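Remarks on the overall topology
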Amino acid sequence: MSQTPKRVRVHHLREAKTRGERLTMLTAYDAVTARIFDDAGVDMMLVGDSIGNTMHGHATTLPVTVDDLIPPARAVARARQRAFVVVDLPFGSYEAGAEQALGTAVRMMKETGVDAVKLEGGRRVVPQIRALTDAGIPVVGHLGYTPQSENLFGGPRVQGRGDVAAERLSEDAVAIVEAGAVAVVLEMVPAPLAARITEIVAVPTIGIGAGAQCDGQVLVWVDMAGMTDWSPRFAKRFGEVGAALRSAAAAYVDEVRGGTFPDAAHQFDA
């Protein structure tokens with residue numbers, strides 16, 4: 001964002017789209033990481049249910065609960081100075097309908113201090129988006145490959161291939177934006193389809209494996225920073241932080257075992 005606001009708000013997202021400025025988004029799950037990303041100029045931070053895969057050791061996002069997400073969301077919201085913070089509504093916390101979604105979202109907003117919530121799905125979640133929007137809660141949508149439905153999809157697979165599937169996904173995007181979504185994450189969607197959706201909706205699209213024509217991009221931070229041995233095809237490794245951390249830990253182990261740490265500079269005199 002060239003006209004950098006002191007704090008990114010909903011209207012800044014739409015204004016960035018109007019000006020053709022790309023939005024940046026990363027996941028964050030703790031205050032230390034959030035502060036680093038905020039200082040780096042990241043526009044949006046997502047406290048995602050990807051915490052299940054990345055931090056809690058689960059194979060999928062499905063086991064993640066509201067109680068799991070509230071402490072990290074609170075930490076990220078406290079740490080940021082500028083970024084727009086979004087938290088996921090986890091699987092099982094909004095699918096039953098508008099009343100359930102509103103109850104979950106209100107709790108998230110009151111107990112964490114985030115700016116918006118994110119939920120997955122197209123036309124089936126329009127009532128939930130409308131209810132949250134009517135209550136004054138900004139909603140970010142999520143279309144394409146939606147990890148909470150991975151059992152239905154048969155795993156992480158590109159969505160929207162073929163004319164029928166592409167038209168259905170486009171209609172879903174229009175529907176959730178008309179219901180009040182302030183941005184839409186497009187995950188694992190063919191680039192031409194993501195470009196088309198970006199053109200027809202008035203709010204920013206945030207791509208993850210959806211090509212360069214989206215209004216912004218999001219990555220899971222451990223993928224972006226090279227913290228894992230494997231990263232998805234769409235996730236460029238912008239650093240090798242995992243290797244650096246492993247090296248630092250190994251040096252610490254060597255010095256402690258060798259009796260060279262702590263040295264005189266790292267201890268106190270009588």
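Given the structure is predicted, the values throughout are model-derived calculations rather than measurements.

Section: the UniProt feature "binding site: 3-methyl-2-oxobutanoate" (unreviewed entry) in the protein
The sites that UniProt annotates as "binding site: 3-methyl-2-oxobutanoate" (unreviewed entry) are Asp49, Ser50, Asp88 and Lys118. Across 70 residues, the annotated set stays spatially compact, with a maximum C-alpha separation of 12.4 Å. Apart from the residues within four sequence positions on either side, Ser50 is in contact with Thr27, Tyr29, Thr61 and Val220. As for its placement among the helices and strands, Asp88 is situated in strand E3 (residues 84–88).

Brief notes about the side chain of Asp88
The class of Asp88 is buried, set by a relative accessible area of 2%. There is a polar contact of 2.8 Å between the side chain of Asp88 and the backbone nitrogen of Asp49. Leave out the neighbours within four places in its chain, and Asp88 touches Leu46, Val47, Gly48, Asp49, Leu69, Met108 and Lys118.

Quick notes on the nonpolar core
Val117, Leu132 and Leu186 are the most contacted members of the largest nonpolar core, which totals 77 residues. Setting aside chain neighbours within four positions, we find Leu132 in contact with Leu89, Ala101, Leu102, Ala105, Val117, Leu119, Ile137 and Val139.

Observations concerning the packing of aromatic side chains
What the rule picks out here adds up to three aromatic pairs. An angle of 70° between the planes, with centres 5.9 Å apart, marks the rings of Phe37 and Trp221 as edge-to-face. Here Phe37, found in helix H2 (residues 31–39), pairs with Trp221, found in helix H10 (residues 221–224); they are 184 residues apart in sequence, far enough to count as distant. The same class applies to Phe37 as to Trp221, namely buried.

Thoughts on the domain arrangement of the protein
Domain parsing of the protein yields domain 1 (10–239) and domain 2 (241–270). Centre-to-centre separation of domain 1 and domain 2, based on C-alpha positions: 39 Å. Contacts between domain 1 and domain 2 engage five residues on the former and five residues on the latter. Taken together, both faces of the contact between domain 1 and domain 2 bury some 290 Å²; the carbon and sulfur share is 59%. Scanning the region where domain 1 abuts domain 2 turns up zero salt bridges. Our enumeration of links across domain 1 and domain 2 arrives at two residue pairs in polar contact (both at pLDDT 80 or more). Grouping the amino acids of the side of domain 1 that touches domain 2 by side-chain chemistry returns two nonpolar, two polar and one charged.

Procedures and definitions
Residues numbered from 1 in each chain as written. Predicted model: local features only at pLDDT ≥ 70, side-chain atom pairs only at ≥ 80, totals over all residues. Heavy atoms only, no water. UniProt positions renumbered as here; feature names shortened; annotations may be inferred. Contact = heavy atoms within 4.5 Å. Helix = DSSP H or I, 4+ residues; strand = E, 2+ residues; numbered from the N terminus. Buried < 20%, exposed > 50% of the residue type's maximum accessible area, 1.4 Å probe, protein only. Polar contact = N/O pair within 3.5 Å; in protein donor to acceptor, adjacent residues only side chain to side chain. Core = buried A, V, L, I, M, F, W, Y, C linked by side-chain atoms within 4.5 Å. Phe/Tyr/Trp six-rings, centres within 6.5 Å; stacked < 30°, edge-to-face > 60°. Domains from an automatic or database assignment. Buried area = accessible area lost by both parts, 1.4 Å probe. Salt bridge = Lys/Arg side-chain N within 4 Å of Asp/Glu carboxyl O. Nonpolar A, V, L, I, M, F, W, Y, C, P; charged D, E, K, R; others polar.

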